Amino acid sequence: MIKLLANDGIDASGKKMLEAAGFDVITTKVEQADLADYINNNNISALTVRSATKVRKDIIDACPGLKLIGRGGVGMDNIDVEYAREKGIKVVNTPAASSQSVAELVIAHMYSMVRFLHLSNREMPVKGSTEFNTLKKNYSEGIELSGKSIGIIGFGRIGQAVAKYAIGNGMRVYAYDPYTTMATIKIDFFDGSSKEFLISSAPVNDFISKCDFITVHVPGGEIIGEKEIALMKDGVMLINAARGGVINETALLNALNSGKVACAALDVFNNEPTPDSTLLTHPKISLTPHTGASTKEAQLRIGTELAQLIIDFFQK
Ligand code: 3PG
């Protein structure tokens, strides 16, 4: 029986598929420091992770019995993918399964920022019954998304899914992607009809100063720092649901404090799972704990797609 350790969990339907195909699926959470020993002592052939568990060179070298590493999700920055492949280990992920969920969270954060939901939700429980009218006054100058412009840097699956929602909200979309020159954004409606929009990739400098919102959807690396923020519109709002540091955290804090950036939304952070407390307590930041892909629907898709990839690999 092939033994699989799902160290960051796996959706119940994915687990069921694997078990039906004869795998022994272990969902014990093993601490990073004990992982290599656990894999070796339990004859684990397949390891699945999300973003929490790191599968670096040390684990790969220490576990010669490992045949497959599965990433339930998109980003593989926690896995030494090339090194694993050189060692003959199959590495798979589920790049398409969570785009919709991430895009919806990005739009949720945009609504949160423009209507101060992040602040109201912090203050209403404390002051809602004693200072209702003050809070009403404080949060009465929201703006609408409709008619505003959004710049999407990184126009792959997630960036394009964000574009659908932005267009649906009546927004003007600008996009940049190094690999896409033009994308067809197809919006499907409940009655079976659909409408297509063509969005061309343009150099970031062509639109960075025109956007009311900028969201970044790239695998990692710093894309927005002090220099880029200086080029933006005063009062711009920024969203990072990609990877910690894609928007430089220090530059962001400075720009929020100076008022250059009106508000920011962060789902991802440097130093997860212990983000900088200045970010966590900042009144101009709408926050979520890296839950972009964490919807029931996305987890179901991720679990079943990953299970199928694993079954196909071991049964080939
Ligand atoms: C991803 O890369 O798939 C997302 O960042 C989600 O990460 P998670 O699997 O840790 O929720």
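For the structure, check the block above.
Quantities reported herein were computed from a predicted structural model and do not represent experimental measurements. (Residues numbered from 1 in each chain as written. Predicted model: local features only at pLDDT ≥ 70, side-chain atom pairs only at ≥ 80, totals over all residues. Heavy atoms only, no water.)

Asks: Describe the overall build of the chain, and please don't skip the residues or the numbers.
Replies: Counting its regular elements, the chain contains 13 helices and 13 strands. Taken over the C-alpha trace, the chain has a radius of gyration of 22 Å; the compact-globule value for 316 residues is 20 Å, and the two agree within 12%. Over its C-alpha atoms, taken along the principal directions, the chain stretches across nearly 65 × 45 × 40 Å. When the 316 residues of the chain are sorted by exposure, 47% land in the buried category. Partitioning the contacts of the chain with sequence separation of at least 6, the portion at a separation of at least 24 is 56%. As displayed, the chain offers around 15500 Å² of accessible surface, 52% of which is attributable to carbon and sulfur atoms. (Helix = DSSP H or I, 4+ residues; strand = E, 2+ residues; numbered from the N terminus. Rg over C-alpha atoms; globule rule 2.2 N^0.38 Å. Buried < 20%, exposed > 50% of the residue type's maximum accessible area, 1.4 Å probe, protein only. Contact = heavy atoms within 4.5 Å. Areas by Shrake-Rupley, 256 points an atom, 1.4 Å probe, with all protein chains shown as cover.)

Asks: Give me the sheet that holds strand β6 (residues 149-153): which residues, what numbers.
Replies: With respect to topology, six strands assemble into an open sheet ordered β7-β6-β10-β11-β12-β13, the strand pairing being parallel. With one partner strand each, in any of the chains shown, β7 (172-176) and β13 (285-287) form the two edges of the open sheet. Sheet twist, expressed as the average angle between the axes of neighbouring strands with direction ignored, equals 15°. Strand direction decides the pairing type here: β6 and strand β10 (residues 213-216), joined by four bridges, are parallel. When the bridges of β10 are listed, Gly151 appears paired with Ile214. Against the sheet, helix α5 (residues 99-114) makes contact with β6, β10, β11 (236-240), β12 (261-266) and β13, and its axis sits at roughly 145° relative to β11, the strand it touches most. In the packing of helix α11 (residues 249-258) onto the sheet, contacts are made with β11, β12 and β13, and the angle to β12 comes to roughly 140°. (Pairing = 2+ DSSP bridges. Axes fitted to C-alpha atoms, helices over the stretch in contact; angles between N-to-C directions.)

Asks: Give a detailed account of the packing of α5 against helix α8 (residues 157-168), specifying residues and quantitative values.
Replies: Axis separation between α5 and α8 bottoms out at 8 Å; the angle between their running directions is 50°. Here α5 lies oblique to α8, going by the angle between them. Crossing hand, α5 versus α8: right-handed. In this structure, α5 uses Ser99, Gln100, Val102, Ala103, Glu104, Val106 and Ile107 to contact α8, whose residues at the interface are Arg157, Ile158, Ala161, Val162, Tyr165 and Ala166. Taken together, the residues of the contact of α5 with α8 break down into nine nonpolar, two polar and two charged. (Parallel < 35°, antiparallel > 145°, perpendicular 65-115°, else oblique. Left-handed = near helix turned anticlockwise from the far one by under 90°. Nonpolar A, V, L, I, M, F, W, Y, C, P; charged D, E, K, R; others polar.)

Asks: Any chance you could break down the pairing of β12 for me, citing the residues and the numbers?
Replies: In terms of residue burial, β12 counts as a mostly covered element, since five of its six residues are buried. Two elements, β11 and β12, share five bridges in a ladder whose sense is parallel. Paired with Leu238 across the two strands is Ala264, which belongs to β12. With respect to chirality, the unit in which β11 leads through α11 into the neighbouring parallel β12 is right-handed. As paired elements, β12 and β13 share three bridges and run parallel to each other. Across the sheet, the residue bridging to Leu266 is Leu287, located in β13. (Right-handed = clockwise from strand over helix to strand, strands pointing away.)

Asks: Report on the site of the ligand, specifying residues and quantitative values.
Replies: The full set of residues close to the ligand is Arg50, Ser51, Arg71, Gly72, Gly73, Val74, Gly75, Arg243, His290 and Ala293. Val74 is positioned such that a nitrogen or oxygen atom in its backbone is 2.7 Å from an oxygen atom of the ligand. (Near = heavy atom within 4 Å. Polar contact = N/O pair within 3.5 Å; in protein donor to acceptor, adjacent residues only side chain to side chain.)

Asks: I'd like a rundown of the packing of aromatic side chains, residues and numbers included.
Replies: Throughout the structure, instances matching the rule amount to four aromatic pairs. Pairing Phe23 with Phe314 gives two aromatic rings, centres 5.6 Å apart and planes at 75°, and the pair type is edge-to-face. A residue pair is termed long-range when its members are at least 10 positions apart, and Phe23 in the loop between α1 (12-20) and β2 (24-26) and Phe314 in helix α13 (residues 296-315) qualify at 291 residues. The two residues Phe23 and Phe314 agree in class, both being buried. Ring geometry for Phe313 against Phe314: centres 5.0 Å apart, planes inclined by 85°, an arrangement best described as edge-to-face. Like Phe313, the residue Phe314 is buried in the burial classification. Through pairs of rings, three or more aromatic residues link up here, namely Phe23, Phe313 and Phe314. The ring of Phe197 has Lys195 sitting right over it, with the charged end atom 5.2 Å from the ring centre. (Phe/Tyr/Trp six-rings, centres within 6.5 Å; stacked < 30°, edge-to-face > 60°. Lys NZ or Arg CZ within 6 Å of the ring centre and 35° of its normal.)

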